Structure formats: C-alpha cells, structure tokens
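Next come the chains, spelled out residue by residue.
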Amino acid sequence: MSIIQDSPLTRKLSAFVALSDAELAVLDRLHQRRRSFVAGRDLVHQGQSDQAAYILSEGWVCSYKIQPDGSRQIVDFQIPGDFLGLRSVLLHTSDHSIEPVVDIQAAEVLASDLLEAFAHTPRLAMAVLWAVSRDEAMVVEHLVCIGRRDANARMAHFLLELGVRLALVGMGSKAGYDCPLTQYHLADALGLSAVHVNRVLRQLREAGLVTFRDGHVTFDDYERLVALADFDPAYLDQTGPLLK
C-alpha cells in the first residue's frame, strides 16, 4: 500500500479528499496494467474510438489537435498524476491526440474499471470529478492567456502554473522544477513562433524573473513573476482536502 500512497495520482487527489485505505486499494487496482510508451509516438489519435484511458506515472505528455493546414495547437501538457484520454472513454471518440514528450510509464484503465471503481467508492469518483473540473479551469485560463495576455505575461503564467501543478505531486517548488519541454512545445502551446518564444525567455531571464535553461526552470524572482503574469493559483484549488 505504501507505493500507491506515494503515487502522483494519490498526492493529487489528496488535495481534494483524505483517501481511506479502501479507496487507496481501489486506486492501486487501477494501476495494475502498467505500460511503457516511447517519446514522439502517439498513444491516442484524434478521432480514435474505443480507447482506454491512462494514469500517467512517469514522464510528460502533450495533448494536441492538428489543424487543416497541418499546424499543431497543444491544448495542455500532462504530468505524473494526470489522467490521459479520460474524455475519449466517456465520449467514445477522442477529440485530440496524445503524444509522450519523453518516454513515459502509464497505467491503462478501461471504462469498466472506472465504472466499477466509482460504484464502490463514490468519494473517489468525486475526487476524479474534482480533477476533471480543475483541468477545465486550466483550459479557461489558457484561453485567457492566448486571447488577452501579452507574450511575456503568457509565458510567465504558463511557467508558474506548471510549477504549482508539479509542486502538488512533489516535483516542483517556488525555486523551480525540471522541465523537458522544447521551445517548439512552448510555441505550439502559447500561440507563438519558436523565435518569439526564444525572445520572450531571454527578456524574462534578463529581467531577473525566470531562467529556463538545460531542461530546468529556475524562478529567479517568484513574486515579481507572479505580478507580471497576474497569476492567482486559486483556480488550481489545491489548498487542502475538502472531504475528510
């Protein structure tokens, strides 16, 4: 049981509910079909049906849509503790593709597994609903970022959000975090060109706010970066369990 207690998904859901031993046992069963996937090869394709969901245990993943002109819009990045493809299970058809950014480890979860787990542990079902609602809140913030924030504030907000998300699963802090994303990933996520991303990162670094170098994000002045981005982490809703 100690392994599942320390898993990223348990850490994440514990921000909403204090999980009982019975609920932890159900989570442990959901992690039984462990699989490995290599970077750069989609594990879910846009338009694919009859797809399993996954619980990401190790590595980073991006969710994206391909436009008619061949360009890519990254919708979000998933980190350990996140569900992958949950909508494609509930809606039958995936509305986006999922690609590992690095080699990953994930547990395959069938629709029948989820239904059985939710039937026996309604508090766990509520915790997963909380996680899905939190993801929706992040999508709203991403829309605001792309539509209304300038490039510097957009980048700052994105890096701060990732830091808060990673801190929840023990992989980040206000000092910084490891990050495998390239400037092309950032460009496709933030609606910028790779050249513009490079310029923005340089400006933020030279302003003494944040440094993204060699796969690591360092917050040089966290509070000033928060002010620049007008970043309020309340939408991430991870101040403590609501259900005891």
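Residues numbered from 1 in each chain as written. Predicted model: local features only at pLDDT ≥ 70, side-chain atom pairs only at ≥ 80, totals over all residues. Heavy atoms only, no water.

Caption draft 1: Representation of the nonpolar core within the structure. The biggest cluster of nonpolar side chains holds 42 residues, and the ones touching the most others in it are M155, L159, L181 and F219. Those elements that provide at least two residues to this core are β3 (61-66), β4 (72-78), α7 (151-168), α8 (183-190), α9 (194-206), β9 (210-213), β10 (216-219) and α10 (222-229). It is α7 that contributes the most residues to this core, nine residues altogether. Two domains each provide a minimum of three residues to this core, namely domain 1 (2-136) and domain 2 (149-236). (Core = buried A, V, L, I, M, F, W, Y, C linked by side-chain atoms within 4.5 Å. Buried < 20%, exposed > 50% of the residue type's maximum accessible area, 1.4 Å probe, protein only. Helix = DSSP H or I, 4+ residues; strand = E, 2+ residues; numbered from the N terminus. Domains from an automatic or database assignment.)

Caption draft 2: Spatial organisation of the UniProt feature "domain: Cyclic nucleotide-binding" (unreviewed entry) in the protein chain. The sites that UniProt annotates as "domain: Cyclic nucleotide-binding" (unreviewed entry) are residues 26-111. Counting secondary structure, residues 26-111 comes out at 13% helix and 41% strand; the distance between its end C-alpha atoms is 14 Å. (UniProt positions renumbered as here; feature names shortened; annotations may be inferred.)

Caption draft 3: Main features of the packing of aromatic side chains. As enumerated under the stated definition, the model contains six aromatic pairs in all. Plain terms: the ring middles of F16 and W130 are 5.8 Å apart, the flat faces sit at 25° to each other, and that makes the pair stacked. Taken together, the positions of F16 in the loop between α2 (8-13) and α3 (21-30) and W130 in helix α6 (residues 122-148) put the pair 114 residues apart, joining distant regions of the chain. Each member of the pair, F16 as well as W130, carries the same accessibility label: buried. Here the aromatic rings of F37 and Y54 are separated by 5.4 Å at their centres, their planes lie at 85°, and the arrangement is edge-to-face. Pair noted here: F37 is in strand β1 (residues 34-37) and Y54 is in strand β2 (residues 53-58), with a separation of 17 residues, a long-range link. Classification of Y54 by relative accessible area gives buried; the value is 3%. Three or more aromatic residues link up through ring pairs in this structure, and these residues are Y177, F219 and Y222. We note R72 situated over the ring of Y64; from NZ or CZ to the ring centre the distance is 5.6 Å. (Phe/Tyr/Trp six-rings, centres within 6.5 Å; stacked < 30°, edge-to-face > 60°. Lys NZ or Arg CZ within 6 Å of the ring centre and 35° of its normal.)

Caption draft 4: The environment of D178, seen in detail. Relative to the assigned elements, D178 resides in strand β8 (residues 176-178). Overall, D178 belongs to the exposed group, its relative accessible area being 54%. Spatially, the C-alpha atom of D178 lies 9.7 Å from that of R213, the residues being 35 residues apart in sequence. Once residues within four sequence positions are removed from consideration, D178 is found in contact with W60, L166, G215 and H216. A polar atom in the side chain of D178 sits 2.8 Å from the side chain of H216. (Contact = heavy atoms within 4.5 Å. Polar contact = N/O pair within 3.5 Å; in protein donor to acceptor, adjacent residues only side chain to side chain.)

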